[in-house]
Amino acid sequence: MLLDELCILLDRHARDDGATAIEDLLVGREESDLPAPPSMARTRMTLIAQGAKRLAYGEHVYDYRAGQYLVTSIAMPLKCRFTDATPERPVLGLCLLLQASEVAELVLQAGPGTIPDTDDAAPPAIAFSTASDELLDATVRLVRLLDRPGDRDILAPLVKREILWRLITSEHGATVRQIGLADPRLSPIAKAVQWIRQHYREPFLVEDLAELIGMSPSAFYRNFRTVTQTTPVQYQKKIRLHEARLLLAANPKDVADIGYFVGYDSPSQFSREYRRLFGAPPSQDAMGFASRTRSASD
């Protein structure tokens, strides 16, 4: 029944442009068997919840149906068409864009023996599989968050990370892992990301972090921005502020202490940057958390 629930959710949230309120998550609904315009696929996981899809890549043609998914490890030109699509029973599916830095970070964090061994052959750039119960469960929980804006900002990144882990450790995990490891720039940048996550409360100099991972400061800064779409300092700020929000949800009365705990020396700077990211100062956000806690206990 996970697929049944997923169909209901996707049908409700499908828009013409496919966009959703969750970053990197696209939702599709198609009522016609007409061919879709050719597209340049990004690194992604696409899951069919209802109906079927036929995809052409080079000389190969692939068919996949409800409960099956594909992953692509490189941007590639694809032609596709939906099959078994009618207004009464449209094709429903979702696409989760896979970010190279997040893949590389998870692979590096995994302990020895955690990820299944693969042979030395290069993994295919495109792979198909039947979604496991664990992958379907995580996917349904992610799409449910479209109906829960109060939970979405906190939980969506965690559930997306779980989905990525399920893909990395699946039978076609080598294709997914290739996203993070194919580009030689990504491994050192992933190490830097891991270091920032582990030491997010500590101030650092970009030059020192570049030396730690064996890159020149200019190359490190340029490649970090390419991979993460932000600077090392801005990345650290986001980690601090997301951690602060999690702590505020658990302890709404400790606004000042939480700011200091996550690494801010100035309450005004903490409040200003928190508001810039989340749209409200931490004190106001804390009041909302406290109100929801009281309502839940009534």
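Here goes a summary of the coordinates provided. (Residues numbered from 1 in each chain as written. Predicted model: local features only at pLDDT ≥ 70, side-chain atom pairs only at ≥ 80, totals over all residues. Heavy atoms only, no water.)

### Considerations on the pattern of salt bridges
Two side chains with opposite charge may pair up if their charged atoms get near one another. Taken as a whole and judged by the stated rule, the model has 12 salt bridges. Across the pair Arg29 and Glu31 runs a salt bridge, and its minimum N-O distance is 2.3 Å. Glu31 gets classed as partly exposed once you look at its relative accessible area, which sits at 35%. One salt bridge in this structure joins Asp63 and Arg54, with 2.7 Å as the shortest N-O distance. We classify Asp63 as partly exposed; its relative accessible area is 44%. The exposure class of Arg54 is partly exposed, given its relative accessible area of 38%. Within the structure, one salt-bridge network assembled from shared partners comprises Asp137, Arg141, Glu162 and Arg166. (Salt bridge = Lys/Arg side-chain N within 4 Å of Asp/Glu carboxyl O. Buried < 20%, exposed > 50% of the residue type's maximum accessible area, 1.4 Å probe, protein only.)

### Considering unusual backbone geometry
Non-glycine residue Asp24 carries a positive phi angle of around 75 degrees. With respect to the element layout, Asp24 can be found in the loop between helix H1 (2-13) and strand S1 (25-30). Classification of Asp24 as buried rests on a relative accessible area of 17%. (Helix = DSSP H or I, 4+ residues; strand = E, 2+ residues; numbered from the N terminus.)

### Considering helix H9 (residues 232-250)
Under the 1.5 Å per step criterion, the end-to-end length of H9 is 28 Å for 19 residues, consistent within 8% with the ideal 27 Å. Every buried residue of H9 is accounted for by Pro232, Tyr235, Gln236, Ile239, Arg240, Leu241, Ala244, Arg245 and Leu248. (Expected span 1.5 Å × (residues − 1).)

### Digging into the packing of helix H3 (residues 133-144) against helix H4 (residues 149-168)
Running from N to C, H3 and H4 cross one another at 160 degrees; their axes reach a closest spacing of 9 Å. On the basis of the axis angle, H3 is roughly antiparallel to H4. With respect to the hand of their crossing, H3 and H4 are arranged in left-handed fashion. Contacts from Glu134, Leu135, Ala138, Thr139, Arg141 and Leu142 of H3 reach H4 at Ala156, Val159, Lys160, Glu162, Ile163, Arg166 and Leu167. Among the residues forming the contact of H3 with H4, the class breakdown is 7 nonpolar, 1 polar and 5 charged. (Axes fitted to C-alpha atoms, helices over the stretch in contact; angles between N-to-C directions. Parallel < 35°, antiparallel > 145°, perpendicular 65-115°, else oblique. Left-handed = near helix turned anticlockwise from the far one by under 90°. Contact = heavy atoms within 4.5 Å. Nonpolar A, V, L, I, M, F, W, Y, C, P; charged D, E, K, R; others polar.)

### Structural notes on the pairing of strand S3 (residues 44-50)
Most of S3 is tucked away, with 7 of its 7 residues classed as buried. Where S3 meets strand S6 (residues 68-72), 4 bridges bridge the pair, whose relative direction is antiparallel. Along S6, the bridge assignment pairs Arg44 with Thr72. As judged from the 6 bridges shared by S3 and strand S8 (residues 91-97), these two strands associate in the antiparallel manner. (Pairing = 2+ DSSP bridges.)

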